[in-house]
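# Per-entry structural report
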Amino acid sequence: MSFFQRLLAHGRIRGARRALAKDPTPRNFMALAQHYALAARTADAQRTCVEGLAAFPDNLQLVRYHQRTRRAEREQRLAQLRRELALAPRAPLWRELCEILIDSDELARAEEELSRWLEKDHDAEALYLLARVRLARFFADRGREQGREALAALDRAIEQLPG
């Protein structure tokens, strides 16, 4: 973002804050959150949405926008983790990446990342996370094959994890 764009964004944010202070409506909360998001300040946009939802819990626009900003922030973090992994793969980075995907219920993507992790490093923690993914898939559709795979992954993780 260029200096001129940052300056314009700052002015718009300041104006949206004033409008919100003068008249705290869902529309003004939404406008401020959007200006924050356009300025790549997703954490501020989320905070504004949360504040707006505290005042107006039934507003669907704020709920949806809050979900969208959370998803955008999550995708930014995933991209950052992938860049860091490309430079210097380390278990804590893989773990965070996979846990974000598991918590987001993106089990197929998590399993792909775990496969990559296991190809590069046969870490027992990767086996444990793989077992979590396969158990989640099993509980989602109760498939017999997913259950077998989950139990096999758990057995391997138990064998390799000391604690």
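Heads up: these notes are all about the structure in this document. These figures come from a predicted structure and were not determined experimentally.

### Remarks on the overall build of the protein
Secondary structure summary: the protein contains 8 helices and 0 strands in total. When the helices and strands of the protein are listed from N to C terminus, the series reads α-α-α-α-α-α-α-α. For the protein, whose C-alpha radius of gyration is 21 Å, the value lies well above the compact-globule estimate of 15 Å for 163 residues. Dimensions of the protein, computed from C-alpha atoms along their principal axes, come out at roughly 60 × 40 × 25 Å. Buried positions account for 34% of the 163 residues belonging to the protein.

### With respect to helix α2 (residues 26–38)
Between the first and last C-alpha of α2 there are 18 Å, a value that for 13 residues agrees with the 18 Å anticipated at 1.5 Å per step. Phi for Ala40, located one or two positions after α2, is positive at around 65°.

Rules and cut-offs
- Residues numbered from 1 in each chain as written.
- Predicted model: local features only at pLDDT ≥ 70, side-chain atom pairs only at ≥ 80, totals over all residues.
- Heavy atoms only, no water.
- Helix = DSSP H or I, 4+ residues; strand = E, 2+ residues; numbered from the N terminus.
- Rg over C-alpha atoms; globule rule 2.2 N^0.38 Å.
- Buried < 20%, exposed > 50% of the residue type's maximum accessible area, 1.4 Å probe, protein only.
- Expected span 1.5 Å × (residues − 1).

In short, geometric facts, not functional conclusions.
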